[in-house]
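# Working through the structure, step by step
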Amino acid sequence: MKELIEKLSSKYELQEVVYQRDNLVFAAISKENAIEAVTYLRDYEGYTHLVMMSCVDWIEDGKYQLLYLLHNPKLKNDIGIKVYIDRENPEMVSAHHLWKSVWTYQREMHESFGIVFPGSPRLEENFVVEGWDETPFMRRDFDTHEYAEKTYFPRGNRKTNDPAEYMRKKLYPNQPVTAKQRKDDK
Amino acid sequence: MNIYAKLAYTILGFLIVLNWGFLMGATMRKIGARMAGRHGIPFKQPWINLFKSISTRTVITHGIMYYIGPVFRLTGGIGLFLFMPMVFTGSPDGPWTNFSFEGDLILIMYFNVFGMLGMALGAGEGGHPYAAMGITRGLAQHAAVELPLTLAFLSIAIQFDTFSIYKIVEAQQGGIMHWVLFTNPFAAAAIILAMLGALGHSPFNLVKAPNEILIGPATEYEGTYLGFMMSAGATLHVMEAVLFMNLVFGGATSWLELIVKSFLIYFWSVFVGMVFPRFKIEQSVTWFFKVPLLLGVLAVIIFMF
Amino acid sequence: MSELDLNNKTSEMLANSEANVKNSKKNFTRPEDEKREVVAPDGSIIEVNPLYDYFSNEKPKEEKPRGGVVEKFLNWARAESIWVLGFGTGCGSIEIPPLVTPRFDMFRYGVQMRPTPRQSNAFIISGYLSVKTLKRVIRTYEQMPSPKYILALGSCTINGGMYYDSYSTINRLDKYIPVDVYIAGCMPRPEALLHGFVKLKQLIKEGKAEKANEYARNFDEYKANQKKIIKDWNMPDYNW
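A brief look at the structure comes next. (Residues numbered from 1 in each chain as written. Chains lettered and ligands numbered in written order. Predicted model: local features only at pLDDT ≥ 70, side-chain atom pairs only at ≥ 80, totals over all residues. Heavy atoms only, no water.)

## Details of the overall build of chain C
Counting its regular elements, chain C contains 8 helices and 7 strands. By the burial criterion, 52% of the 240 residues in chain C qualify as buried. Partitioning the contacts of chain C with sequence separation of at least 6, the portion at a separation of at least 24 is 74%. For chain C, the exposed area adds up to about 11100 Å²; of that, 54% sits on carbon and sulfur atoms. (Helix = DSSP H or I, 4+ residues; strand = E, 2+ residues; numbered from the N terminus. Buried < 20%, exposed > 50% of the residue type's maximum accessible area, 1.4 Å probe, protein only. Contact = heavy atoms within 4.5 Å. Areas by Shrake-Rupley, 256 points an atom, 1.4 Å probe, with all protein chains shown as cover.)

Below, the structure is given as structure tokens:
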């Protein structure tokens with residue numbers, strides 16, 4: 001993996017290189033170079049399989065982190081390319097020409113985070129929810145509990161019981177609580 | 001015999017056939033359930049289903065042909081009954097011979113297809129794509145079943161030199177060795193195999209099996225229409241069993257004999273259905289075009305020369 | 001209620017639904033479903049509104065039970081022959097297949113599965129219900145012939161269960177369609193489901209399972225609730 005990272009860093013500016021395991025490494029690349037790097041990895045280094053694409057909302061830094069996880073079937077190792085994009089104006093270069101499965105990942109991210117991938121096919125179609133016109137629901141500033149209370153007629157009087165404690169009270173009401181049980185409850 | 005007396009006998013006979021059809025259906029489902037180790041439905045279930053279907057409050061319609069579909073199917077069942085001698089009593093004018101006449105075998109072959117065509121028209125007007133698919137499959141399989149059946153019927157007609165079912169039954173009286181089963185074994189074998197498709201039990205029930213993606217022609221039917229179709233189904237099952245009984249198994253001389261024989265004939269298809277899983281439509285069509293068709297052709301050729 | 005009032009109410013409802021679509025931030029109607037004007041071959045101009053022209057928009061009517069001995073007998077027949085629609089909406093639908101196995105065997109109670117809504121009169125809402133599924137559930141429910149019964153399986157249909165704070169899962173089913181029997185639990189065992197069937201039979205025999213009429217009576221209320229959360233309402237208001 002070391003050689004690969006050296007090769008990559010000679011071409012692109014790498015940040016936050018993390019050697020997670022012997023066969024897994026993460027590296028962050030700037031938004032402009034990321035797709036180029038992914039293409040290079042696919043075409044010249046044998047990372048032909050896209051394991052997944054994911055998105056993380058770093059609301060404190062005002063950034064979204066996209067991850068392209070690639071797999072090399074010959075060497076049996078993986079590399080994750082991280083890209084940070086601006087949270088206010090989330091736009092990323094589309095990678096739909098590299099793998100067809102990227103279409104679906106980008107559609108999902110567009111729906112759940114509102115990230116725009118210009119040129120990606122079927123981007124505006126529904127993915128999991130239909131007729132959604134609120135803030136994209138996977139953003140951390142969207143309060144799902146508040147939205148559910150506002151929209152779905154909550155019944156109220158929800159009570160939560162710790163199962164172990166509840167059953168103990170119900171089955172053995174007279175037995176004193178042991179120290180171990182008290183510790184377990186905590 | 002007086003025409004009014006005959007009419008009364010016919011109506012009584014139809015009621016017996018209808019109720020026997022319901023009971024036989026329930027019994028067969030019960031047998032299937034016992035095979036799987038379940039209790040199964042109660043014996044009264046078909047009657048309850050009928051009453052429930054009739055008591056449905058909102059029934060929608062798609063047009064006139066949609067109405068006529070189940071009516072055609074029931075007409076097919078009643079037509080089979082009207083022109084079929086049920087119980088052999090020694091005279092062609094006996095009480096249970098209904099309105100059978102010389103050449104009724106041809107009419108009955110026609111009525112066999114009648115119900116299917118009615119359903120095709122009704123389901124077509126229903127407009128559901130699954131209904132259209134179901135009816136296409138049903139007609140394809142029906143054509144494949146009809147071919148060996150018709151050949152076997154022809155062979156029996158040539159053998160006895162008549163198209164009258166009554167005369168065919170009459171010729172088979174006088175002992176088990178006079179049955180077509182033994183005098184014309186190829187036609188009998190073709191009928192026994194093609195019968196599985198005609199009665200529409202398990203290996204060949206893709207058309208109307210409720211747990212397929214399409215229930216077939218009945219997709220859009222509800223309420224009273226469905227009640228009609230259930231009655232038609234019960235009648236048709238008994239009448240087809242009676243037809244094969246008359247042609248191959250020597251007819252019946254009493255209602256008890258009819259009930260036992262039709263039960264055994266219907267049970268044969270259930271027995272096969274319990275053992276074999278469901279065929280796809282292309283599999284069942286090719287199956288009917290192989291052995292049963294060959295047997296039918298052989299049966300005709302033997303009696304031609 | 002007179003004919004005229006009903007007509008007024010219907011047109012009001014249509015106006016409301018159109019306003020609803022406008023209130024929404026996005027427009028979800030497909031272009032081919034939009035209201036438009038077409039020129040006929042003879043030159044006259046026809047107004048076309050596909051969502052309302054191609055389907056029945058008649059409101060459901062309340063059908064009074066006949067009463068007396070006849071109704072009692074029919075109720076008995078309905079109770080002894082419950083046909084369940086094979087439509088699993090959530091994780092609870094995994095509890096339905098065991099019912100046909102020898103261990104539970106629902107056939108002995110007269111309960112059977114049917115594949116089409118036209119032939120079934122009971123509907124098991126099995127577990128959590130997302131808005132997307134609710135849309136299909138409403139369409140299916142409205143296609144079932146009356147009298148029809150709803151069994152709500154699992155705590156998700158009662159108060160949202162463990163999905164009470166989800167952005168896409170409804171909390172209370174009875175705000176959208178009337179429910180006859182609730183079966184509590186997460187998940188209820190098949191025995192509980194069988195008990196639900198027995199309870200439903202009891203209700204039908206007593207003549208208390210008339211929720212289809214309740215749906216017809218409070219139709220506007222139910223429709224308003226449904227339209228509040230189904231924002232891409234691209235189907236007719238009522239269709240049998």
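## A closer look at the state of the cysteines
Residues and elements named next belong to chain C. Scanning all chains against the criterion turns up 0 disulfides over all chains. C156 provides the cysteine sulfur closest to C186, a residue in no disulfide bond, and the two sulfurs are 5.7 Å apart. We classify C186 as exposed; its relative accessible area is 55%. (Disulfide = S-S within 2.5 Å.)

## A few points about the sheet that holds strand β2 (residues 24-28) of chain A
Residue and element names in this part refer to chain A. Strand order in the open sheet formed by 5 strands is β1-β2-β5-β4-β3, and the pairing between neighbours is mixed. Two strands bound the open sheet, and with one partner strand each, they are β1 (15-21) and β3 (49-58). Shown here is a sheet whose adjacent strand axes are inclined to one another by a mean of 15 degrees, direction ignored. Across the face of the sheet, helix α2 (residues 31-44) comes into contact with β4 (63-72) and β5 (77-86) while running at roughly 160 degrees to β5. (Pairing = 2+ DSSP bridges. Axes fitted to C-alpha atoms, helices over the stretch in contact; angles between N-to-C directions.)

## Regarding the pattern of salt bridges
Throughout the structure, instances matching the rule amount to 32 salt bridges over all chains. D57 of chain A is the salt-bridge partner of R87 of chain A, the closest N and O atoms lying 2.7 Å from each other. Of this pair, R87 of chain A sits in the loop between β5 and α3 (101-113) while D57 of chain A is found in strand β3, placing the two residues 30 residues apart along the sequence. Residue classification places R87 of chain A among the buried residues on the basis of a relative accessible area of 9%. Classification of D57 of chain A by relative accessible area gives buried; the value is 5%. A single network of salt bridges, built from pairs that share partners, joins E130 of chain A together with K135, R136 and D232 of chain C. (Salt bridge = Lys/Arg side-chain N within 4 Å of Asp/Glu carboxyl O.)

## As for the interface of chain C and chain A
If you look at the interface, chain C gives 29 residues, while chain A gives 21 residues. When the buried area of chain C at its contact with chain A is split by residue, K132, Y167 and K231 of chain C rank highest and sum to 29% of it. D133 of chain A is the salt-bridge partner of K231 of chain C, the closest N and O atoms lying 3.0 Å from each other. At the junction of chain C with chain A, the criterion picks out 8 residue pairs in polar contact (both at pLDDT 80 or more). Ranked by residues supplied to the side of chain C that touches chain A, first place goes to helix α4 (residues 131-143) of chain C with 4 residues. Per-class residue counts for the side of chain C that touches chain A are 9 nonpolar, 8 polar and 12 charged. (Buried area = accessible area lost by both parts, 1.4 Å probe. Polar contact = N/O pair within 3.5 Å; in protein donor to acceptor, adjacent residues only side chain to side chain. Nonpolar A, V, L, I, M, F, W, Y, C, P; charged D, E, K, R; others polar.)

## Concerning a nonpolar patch on the surface
Residues and elements named next belong to chain B. There is a patch of nonpolar side chains on the surface, built from I106, L154, I158, F163, V297, I301, M304 and F305 and spanning about 760 Å² of accessible area. Of all the secondary-structure elements, those providing two or more residues to the nonpolar patch are α5 (129-160) and α11 (281-304). Per element, the largest residue contribution to the nonpolar patch is 3 residues, and it comes from α11. Looking at the secondary structure, you find F305 in the segment after α11. Overall, F305 belongs to the exposed group, its relative accessible area being 81%. (Patch = residues over 30% accessible without salt bridge, like charges linked within 9 Å, V, L, I, M, F, W, Y side chains within 5 Å.)

## Describing the interface of chain B and chain C
Contacts between the two partners involve 29 residues from chain B, matched on the other side by 31 residues from chain C. Carbon and sulfur atoms supply 57% of the area buried between chain B and chain C, which totals about 2700 Å² over both sides. When the buried area of chain B at its contact with chain C is split by residue, R38, K52 and R57 of chain B rank highest and sum to 28% of it. Between chain B and chain C we count 4 salt bridges in total. Here R57 of chain B and E210 of chain C are joined by a salt bridge, their closest N and O atoms 3.0 Å apart. At the surface where chain B touches chain C, the tally comes to 13 residue pairs in polar contact (both at pLDDT 80 or more). For the side of chain B that touches chain C, the secondary structure elements donating two or more residues are α2 (45-54) and α9 (223-248) of chain B. Per element, the largest residue contribution to the side of chain B that touches chain C is 6 residues, and it comes from α2 of chain B. A per-class count over the side of chain B that touches chain C returns 12 nonpolar, 10 polar and 7 charged.

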